[in-house]
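Chain residues, written in single-letter form:
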Amino acid sequence: MPLNSPQKVSVIGLGYVGLPLAVALAEHFNVLGLDIDHGRTEELAEGHDRTGEVTPDSLKKSRCTYTSEAADLANSDIFIVAVPTPVDDEKVPDLGPLRGACESVGPHVTGGSVVVFESTVFPGATEDICGPILERLSGLVCGKDFFLGYSPERMNPGDTEHTVANIVKVVAGQTPEVSDLLENVYGRITKAGVFMARDIQTAEAAKVIENAQRDINIAFINEATQIFHKLGLSMYDVLEAANTKWNFLNFQPGLVGGHCIGVDPYYLAYRAAQIGHDPDVLLAGRRTNDGMGAWIAQQITTALGGPARVLVLGLTFKENVPDLRNSGAYGLIKALEKLGNDVVVHDACADPAEAKAIYGVELIPDISGSDFACVVGAVAHDVYKDLSADALTALMKSGGILADIKGIWRAKSFDPNIRRWDL
Ligand SMILES: NC(=O)c1ccc[n+]([C@@H]2O[C@H](COP(=O)([O-])OP(=O)(O)OC[C@H]3O[C@@H](n4cnc5c(N)ncnc54)[C@H](O)[C@@H]3O)[C@@H](O)[C@H]2O)c1
């Protein structure tokens, strides 16, 4: 079956990944964006992107149209799926959104259609899980009547350098013709080039190890941090020295959250277990990183001499983004509270209603107070980096502890009355 020429491209899932992609593609194709969240499509149609990835100006100028009705997918030539791939409470891949997207797309797949997945999955998911759903709902044969593709996403929320237009795009198609089509389509939106992976499973595997590799490297640094603390050494001091070596890898200690680095290793671990391999290193890394919040809470509480009033600065999963999902700082806050501390939380980027809805955390509106026994820099938002030594000191009572988890205040000088604690 010859492939359809890409007249109408539909992007399914308009979050951090799908929206910038849809807007970029809309400069070259007729693009429809579908999201099951009606509130999301309404806000996009009004020119507002709550993730902050696409500016109001670009949204307003874009020819992309939005819908929450799967019926509107009809007559699409290419479908690109960018829905979430989280894990459940047992850390098992939750493929519900991916299956749901396939169920929306399936009835609209026709001869010559191409369905491309951008969601991060384990090797085999596109062909073994998504393909059969699409076949069942279209009544067509995958690889003969319609075709699959995979193109992992590498964008980095809040990072204006590594955007869709500036990063190499890996693509893989079910046939060489599909790979060529994807090279052509994605080649229109990236200046950095398109890399054609050998096949779909190779592209899926490449994505999942990119993030698992980061997780394991950070876990190593976190474990070394714990060892060095027992020796009375600061990891940041150690890193400054070690980083002078040409091939030392510059990973930082800290909390690992978000829906990529802390999640994707479980996808690979799941696939490994399915084929009878015990993924020791992957899961050890996850355990170490997941345990960092509790470890830091214990260290701070011990340094305080017992539970106290603590101000935590930062709740989002990383700096300068509003995304609260899988917050590492929340794990730290829970652990501090479990040890009896009275914890007050501020976040310069998060939506207070969302913080309340997801975690039950009431964010204070301003960085204020003068009687905290400890101020914790949990997320390196620029606003926190820019706080002066005087402003930080004013928040604390005499003898207070400044817990600088991200190492953002190391260069500042403080009155000897303020005790410094870092990783
Ligand atoms: N955010 C990142 O930095 C990043 C980077 C690389 C890869 N990824 C991967 O890309 C995928 C998407 O991530 P994201 O951060 O954009 O997620 P997101 O949660 O920001 O957005 C996903 C969107 O999909 C919508 N959705 C869910 N189920 C749907 C369905 N059945 N039909 C239509 N829409 C549906 C949601 O309403 C949401 O708006 C994930 O697999 C993620 O692992 C994310």
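Residues numbered from 1 in each chain as written. Predicted model: local features only at pLDDT ≥ 70, side-chain atom pairs only at ≥ 80, totals over all residues.

## Here's the deal with the domain arrangement of the protein
Per the domain assignment, the segments of the protein are domain 1 (8–197), domain 2 (204–290) and domain 3 (291–423). Just the C-alpha atoms count here: the centres of domain 1 and domain 3 sit 37 Å apart. The partner domain 3 presents six residues to the five residues of domain 1 that form the contact. A breakdown of the residues in the side of domain 1 that touches domain 3 according to their chemical character gives one nonpolar, three polar and one charged. (Domains from an automatic or database assignment. Contact = placed C-beta atoms within 7 Å. Nonpolar A, V, L, I, M, F, W, Y, C, P; charged D, E, K, R; others polar.)

## A few points about the site of the ligand
Near the ligand lie 30 residues; those nearest to it are G13, G15, V17, G100 and S119. Looking at the shell around the ligand, the element that brings in the most residues is helix α4 (residues 96–105), giving four residues. Taken together, the residues that form the shell around the ligand break down as 14 nonpolar, ten polar and six charged. (Near = placed C-beta within 6 Å. Helix = DSSP H or I, 4+ residues; strand = E, 2+ residues; numbered from the N terminus.)

## Topic: the pairing of strand β12 (residues 396–404)
Where strand β11 (residues 372–377) lies against β12, five bridges are found, and the strand directions are parallel. The residue bridging C374 from the neighbouring strand is I401, located in β12. Where β12 and strand β13 (residues 419–422) come together, four bridges link them in parallel fashion. By the bridge assignment, L402 is partnered in β13 with R420. (Pairing = 2+ DSSP bridges.)

## Quick look at the nonpolar core
Core analysis: the biggest nonpolar cluster contains 121 residues, and V312, C374 and V376 have the highest contact counts within it. Considering each element in turn, this core owes the most residues, eight residues, to helix α7 (residues 200–230). With sequence-adjacent residues up to four places away left out, V312 is seen in contact with A329, L332, I333, V343, V345, V376 and A378. (Core = buried A, V, L, I, M, F, W, Y, C linked by C-beta atoms within 7 Å. Buried ≥ 20, exposed ≤ 12 C-beta atoms within 10 Å, placed from the backbone.)

## Looking at unusual backbone geometry
Its identity as a non-glycine residue notwithstanding, N75 has a phi of 70°, on the positive side. Position of N75 relative to the elements: it lies in the loop between β3 (65–67) and β4 (78–81). Unlike most non-glycine residues, K91 shows phi in positive territory, near 65°.

## Thoughts on the packing of helix α9 (residues 264–274) against helix α10 (residues 280–290)
Between α9 and α10, the shortest axis-to-axis distance is 9 Å and the interhelical angle comes to 150°. Between α9 and α10 the crossing geometry is left-handed. On α10, the residues touching P265, Y266, L268 and A269 of α9 are L282, L283, G285 and R286. Looking at side-chain class alone, the contact of α9 with α10 contains six nonpolar, one polar and one charged residues. (Axes fitted to C-alpha atoms, helices over the stretch in contact; angles between N-to-C directions. Left-handed = near helix turned anticlockwise from the far one by under 90°.)

## Considerations on the sheet that holds β12
Read across the sheet, five strands follow the order β10-β9-β11-β12-β13 without closing on themselves; strand pairing throughout is parallel. Two strands bound the open sheet, and with one partner strand each, they are β10 (342–346) and β13. Each strand axis lies, on average, 20° off the axis of its neighbour in the sheet, ignoring direction. Relative to β11, strand β9 (residues 309–313) is paired through four bridges, and the arrangement is parallel. The residue bridging V312 from the neighbouring strand is V376, located in β11.

## Some details on the environment of K406
Relative to the assigned elements, K406 resides in the loop between β12 and β13. Judged by local crowding, K406 falls into the buried class, with 24 C-beta atoms found within 10 Å. Counting along the chain gives 170 residues from K406 to Y236, while the straight-line C-alpha distance between them is 9.3 Å. Discounting chain neighbours no more than four positions away, the residues touching K406 are G254, G377 and A380.

## Details of the pairing of strand β7 (residues 169–173)
Within β7, five of the five residues are buried, which leaves it mostly tucked inside the rest of the structure. Neither face of β7 is open: one carries K169, V171 and G173, the other V170 and A172, and all of them are buried. Pairing of strand β6 (residues 147–150) with β7, which is carried by two bridges, proceeds in the antiparallel orientation. Considered in β7, the bridge of Y150 is made with A172. Sheet analysis places β7 next to strand β8 (residues 194–196), joined by three bridges and oriented parallel. Following the sheet pairing, V170 is matched in β8 by F195. Crossover connection from β7 via helix α6 (residues 176–187) to parallel β8: handedness right-handed. (Right-handed = clockwise from strand over helix to strand, strands pointing away.)

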